[in-house]
Amino acid sequence: MRIELPGFGSYPLREQGNWPVESAPARGRVAYAAAHVVADPLGDNTPGSPAAVDWDATLRFRRHLWSHGLRVADAMDTAQRNMGLDWAATQQLIRRSAAEARSFGDPATLVSCGAGTDHAPGAADLDAITQAYAEQIETVQSAGAGVIIMASRQLAAVASGPQDYHRVYSKLFGLADRPVILHWLGEMFDPNLAGYWGSPDVDAATNAFLELIHAHAAQVDGVKVSLLDEDHEVRLRAALPEGVKLYTGDDFNYPSLIKSGSHALLGIFDAIAPAAAAALRTLDAAESADDEAERERLLTAYDEILAPTVTLSRKIFEAPTYHYKTGIVFLAWLNGHQDAFAMVNGAQSARSLLHLSEVFRLADQAGLLADQELAVRRMRALLAVNGL
């Protein structure tokens, strides 16, 4: 099968393959896929409008992720928090996702949701920011989901140094009914978060971050770090208190980081769930193998599964990185998880046709077009709408 792709000419698709579907989670790593929301194609999702969500398709996609043994990180930046998903829709997402998880198991295990301050853009002091966080933490906990404390634009704007971050977060730990995940989102994902933890210097910010975690280790399940710096993540992981997990958020270097000991909370796992799940099971087998030759064979197989997904991920997350959601949703549409290539806030327009054509090609190379005939039909329709 071939398709004419802008920039690539007549492209021959690779031989169709099938990934196994196994709902049992990986044993050696905790793995979350940060999930996107599906926009209602008939809703007014023009920029600045309240989010109109297709809830049936949104929940169906979460069932897809759980069916592969992955956990779901919901209401995060992949779901367009701070980029179109307003608080009213976010509250519904949290409640609906946690309720849907009950069909698969304990929602506190299967889904963790972001709690931030985005519903209070006018919060202008530390007390107001703390109260805003508290409201969202209560929403997540009352739904039965785990809590991910997201980085706050409001706190980044108000805080005068590490002590202000410590003051706010120390109070938040006291509100949580179980250990939380802390999220450090780099400025490449959100320029408004520059200097988070009290310093533009990454080493100084890391020291402040670690001081907070060591002071509250029993209340921290793990930290999700999205700085796209592999060496920094390895050093940070080694410095964490015993029992506190490092959830890699590095969508460029995740295979080596997971192999060397990081857990995962990744936006790219939304798009590559079948391959990611297969790789994690292969890593489990490698780490339990008694024979060294077999162990090396399985580690090589793990690398081979994920290598083409990294090429795809680096394309999806290329600068400006915060527009990566467009590629994620594009692949969900190609793979039949939703009926329209539409996004809240009109974000489907954030990437060029040439970019999307390359994403199509790389997804095929990674074996991530679940139904090639459907994907080709939809890609041809997109090209036709654009005059090609």
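Fair warning: this is a prediction, and the values are worked out from it, not measured in the lab.

### With respect to unusual backbone geometry
Next, step 1: In this chain, A319 is followed by P320 through a cis amide linkage whose omega measures -5°.
Next, step 2: On the secondary structure map, P320 appears in the loop between helix 12 (292–316) and helix 13 (324–334).
Next, step 3: In the Ramachandran plot, Q80 falls in the positive-phi region, its phi being about 70° despite a non-glycine side chain.
Next, step 4: With respect to the helices and strands, Q80 occurs in the loop between strand 4 (71–74) and helix 2 (87–101).
Next, step 5: Phi at L228 is positive, roughly 55°, even though this residue is not glycine.
Next, step 6: Looking at where L228 falls in the secondary structure, it is placed in the loop between strand 8 (220–226) and helix 8 (230–239).

### Comments concerning the side chain of H68
Next, step 1: Relative to the helices and strands, H68 is located in the loop between helix 1 (55–67) and strand 4.
Next, step 2: What makes H68 buried here is its relative accessible area of 6%.
Next, step 3: Every residue in contact with H68, bar those within four places of it in the chain, is listed here: P20, V21, E22, S23, A273, P274, A277 and R281.

### Quick look at the sheet that holds strand 5 (residues 111–115)
Next, step 1: Taking strand neighbours around the barrel as the criterion, the eight strands line up as 3-4-5-6-7-8-9-10 in a closed arrangement whose pairing is parallel. Averaged over neighbouring strand pairs, the angle between their axes works out to 25° when direction is ignored.
Next, step 2: In the sheet, strand 7 (residues 180–185) pairs with strand 8 via six bridges, with the strands oriented parallel. Looking across to strand 8, one finds that L182 is bridged to V223.

### Remarks on the packing of aromatic side chains
Next, step 1: Tallying each qualifying case throughout the model produces 17 aromatic pairs.
Next, step 2: Taken together, a centroid distance of 5.2 Å and an interplanar angle of 45° make the contact between W66 and F104 tilted. Here the residue W66 occupies a position in helix 1, and F104 occupies one in the loop between helix 2 and helix 3 (107–110), the gap between them amounting to 38 residues.
Next, step 3: Considering the side-chain rings of F189 and Y324, the 6.0 Å spacing of their centres and the 85° angle between planes classify their relative orientation as edge-to-face. Within this pair, whereas F189 is found in the loop between strand 7 and helix 7 (202–215), its partner Y324 is found in helix 13, the two being separated by 135 residues in sequence.

### Remarks on the pattern of salt bridges
Working definition: two side chains of opposite charge can pair if their charged atoms are close together.
Next, step 1: Counting across every chain of the model gives 15 salt bridges.
Next, step 2: With a shortest N-O distance of 2.8 Å, R153 and D190 are connected by a salt bridge. Residue R153 is located in helix 5 (residues 153–158), and its partner D190 is located in the loop between strand 7 and helix 7; the two are separated by 37 residues in the primary sequence.
Next, step 3: The partly exposed category is assigned to R153, whose relative accessible area is 27%.
Next, step 4: One salt bridge connects R361 with E358, and the closest N-O pair in it is separated by 3.0 Å. Of the two residues, R361 and E358 are both situated in helix 14 (residues 353–365); the distance of three residues between them amounts to about one turn of the helix.
Next, step 5: Under the relative-accessibility criterion, E358 is labelled buried at 15%.
Next, step 6: Through salt bridges that share partners, D127, R167 and K171 make up one connected network.

### Here's the deal with the packing of helix 14 against helix 15 (residues 372–385)
What describes two packed helices is the angle between their axes and the distance between those same axes.
Next, step 1: Closest axis-to-axis distance for the helix 14/helix 15 pair is 12 Å, and the angle between their directions is 170°. Between helix 14 and helix 15, the crossing angle belongs to the class labelled roughly antiparallel. Contacts between helix 14 and helix 15 involve L353, L356, S357, F360 and D364 on the former and, on the latter, Q372, A375, V376, M379, L382 and L383.
Next, step 2: Taken together, the residues that form the contact of helix 14 with helix 15 break down as eight nonpolar, two polar and one charged.

### As for the nonpolar core
Soluble, globular proteins show a tendency: their nonpolar side chains are buried together.
Next, step 1: Within the largest apolar cluster, 127 residues are counted, with the highest numbers of intra-cluster contacts made by Y169, L182, Y196, I268, F269, F330 and F360.
Next, step 2: In contact with F360, other than residues within four places in its own chain, are I3, L5, L13, F330, L334, L369, A375, V376 and M379.
Next, step 3: Judged by nonpolar contacts, the second largest core, of ten residues, contains A73, M76, M150 and Y247.

### Remarks on the side chain of H232
Next, step 1: Position of H232 relative to the elements: it lies in helix 8.
Next, step 2: There is a polar contact of 2.7 Å between the side chain of H232 and the side chain of T206.
Next, step 3: Discounting residues that sit within four places of it in the chain, H232 has contacts with W184, V202, T206 and L227.

What counts and what doesn't
- Residues numbered from 1 in each chain as written.
- Predicted model: local features only at pLDDT ≥ 70, side-chain atom pairs only at ≥ 80, totals over all residues.
- Heavy atoms only, no water.
- Helix = DSSP H or I, 4+ residues; strand = E, 2+ residues; numbered from the N terminus.
- Buried < 20%, exposed > 50% of the residue type's maximum accessible area, 1.4 Å probe, protein only.
- Contact = heavy atoms within 4.5 Å.
- Pairing = 2+ DSSP bridges.
- Axes fitted to C-alpha atoms, helices over the stretch in contact; angles between N-to-C directions.
- Phe/Tyr/Trp six-rings, centres within 6.5 Å; stacked < 30°, edge-to-face > 60°.
- Salt bridge = Lys/Arg side-chain N within 4 Å of Asp/Glu carboxyl O.
- Parallel < 35°, antiparallel > 145°, perpendicular 65-115°, else oblique.
- Nonpolar A, V, L, I, M, F, W, Y, C, P; charged D, E, K, R; others polar.
- Core = buried A, V, L, I, M, F, W, Y, C linked by side-chain atoms within 4.5 Å.
- Polar contact = N/O pair within 3.5 Å; in protein donor to acceptor, adjacent residues only side chain to side chain.

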